[in-house]
Amino acid sequence: LGMDPVELRRINLLEDGDPGPSHTPLPAGVSIGGVVDACTAHAGWGEPAPDTGPVTPYRTLPGDASTTRRGRGFACGLKNVGFSFAFPERSEARIELRGDSATVFVAGADVGQGAHTVFQQIAADALDLDPNAVEMVTSDTATAGDSGSASASRLTFMQGNAILGAAEEAQKQWLEGDRPAVGEFRFEPPRTELLDPDGGPSTPNFAYGYVAQAVDISVDVETGVIRVDRVVSCTDVGKALNPQLIEAQTEGAVVQAHGYAVTENLQVSDGRILNPRLSQYLIPGVGDAPRRIETVIYEHPDPLGPHGARGMAEMPYIPYAPALTAALFEATGVWFHDLPLTPDRVASALTERSPT
C-alpha cells in the first residue's frame, strides 16, 4: 500500500468499547493507541536507522560495511492478564496487623521477577507502614491460602488485589478493638467464558495489557548474521508500582524473545528432541543480546487493577519477532516467514529469493 507501518496500525487500533476478536467489547482501559504513540515518539520513528558500524559476524572475520544493511521494524500487540477461558480465577491473602507492624501471608511465588517486593510495597502502602515494618510469609501453603500460579502475567494484579482487601479488613478489625487485627480476603475477578465453538460472542479474558516495540537491526547479507542495535519497548503497566522491576522484566522478556526469534533452533523428529544440549540449542548469551534495550513505561490505569496496575511480565515478549522480521525486510527487501532467523537461513534466503 505504500503506507508507513505505524500509520497503518493507527487506522486499525482498538479503543474502549470496540469489539475484540470474540465479538464482545474488550475490558475497559484499552490503551494501545497511547502505547503506540509513546513507543514511536521515544524511538524517533520516521527517522532512518542510525549507522552503527559494520556487522562483525565472527571474531576471525572483520566487519564489511559494503555487506551491512540496516532496517527498522515495528510491531504491537495485546495479551490477557490472568487465567482465562472460564478457568476459576482467584487469589487469597491474610494480614495480621499489630499497629506499628504487620505480617502478610501470601502463597504467590517469586521466581525472580520481584513479586514479593511488590507484595510488600502494596501492603505497606495500604497499611500506612514503612515497608521494613511489614514481614512477608510467602510461598507456604501451610500458612497462606491459594494464590494461583506465577503465570499469565497475573500475580501483581491478583495477589495485589487480595492484599488490598485483606489490609482493609485488618484495619476494620483494628478499629473494632482486635489485637492483633486479622484480615483475610479472597479476590475473584469477573468470570470469563470459553470461546463459542460456533463463533458467537464470548468474554474470554477480564483484563489485558498492551505493548509496542520498535527494533533497529544491522545484518550482514553475505553471512546472514543479524545484530540487534536497539529495542524500544513500551508497555502499559497501568501503574508503575516498582519501575526498576518493570525495566528488568522488560529486558528479560526481550532477551528471551531474541532467543526465540534468532538463536534457538529446536530440532524435533518423531517426537524426540535432537538437540537437547545447551551447546546445540543456543539460548542467547551476553554477546547475542540486543546492544540497547530501552524501556518506556506507559501508565493507563486498569479499572480493576490494584492502584490501577496491570500485569506486564510477558507483554514485551510478544511483538519482538514480528518487529525484528519487519526490520529485516526493510534492510533486505525480503520477507521471512520462518523462525528462528539463524545466519544460514537468512543467508540462504537472501541468495535464493528476489526482493519483494
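Remember, it's a predicted structure, so these values are computed and weren't measured experimentally.

**Focus: the nonpolar core**
Ranked by size, the top nonpolar core spans 34 residues in total, and within it I95, L97, V104, L127, F157 and I163 carry the most contacts. With near-sequence residues (within four places) excluded, F157 lies in contact with V81, F187, F206, A207, D302, L304, G305, P306, A309, R310 and G311. I293, F336, A349 and L350 belong to the second largest nonpolar core, which has 25 residues in total.

**Focus on the packing of aromatic side chains**
A complete count under the given rule lists 5 aromatic pairs for this structure. Measuring from ring centre to ring centre gives 4.2 Å for F329 and W335, while their planes differ by 5°; the resulting arrangement is stacked. F329 gets classed as partly exposed once you look at its relative accessible area, which sits at 24%. A cation sits over an aromatic face here: R94 above F105, 4.1 Å from the ring centre.

**Some details on the environment of R277**
Position of R277 among the secondary structure elements: in the loop between β9 (272–273) and β10 (293–298). Residue R277 is classed as exposed on the basis of its relative accessible area of 57%. As a C-alpha pair, R277 and A253 span 24 residues in sequence and 22 Å in three-dimensional space.

**What about helix α2 (residues 32–43)?**
Because an α-helix completes one turn every 3.6 residues, residues spaced three or four positions apart along the sequence face the same direction. For α2, built from 12 residues, the straight-helix expectation of 16 Å at 1.5 Å per residue is met to within 8% by its first-to-last C-alpha distance of 16 Å. I32, G34, V35, V36, C39, T40 and A43 are the residues of α2 that are buried. Once α2 ends, the next one or two residues include G44, with phi positive near 70°.

Definitions and cut-offs
Residues numbered from 1 in each chain as written. Predicted model: local features only at pLDDT ≥ 70, side-chain atom pairs only at ≥ 80, totals over all residues. Heavy atoms only, no water. Core = buried A, V, L, I, M, F, W, Y, C linked by side-chain atoms within 4.5 Å. Buried < 20%, exposed > 50% of the residue type's maximum accessible area, 1.4 Å probe, protein only. Contact = heavy atoms within 4.5 Å. Phe/Tyr/Trp six-rings, centres within 6.5 Å; stacked < 30°, edge-to-face > 60°. Lys NZ or Arg CZ within 6 Å of the ring centre and 35° of its normal. Helix = DSSP H or I, 4+ residues; strand = E, 2+ residues; numbered from the N terminus. Expected span 1.5 Å × (residues − 1).

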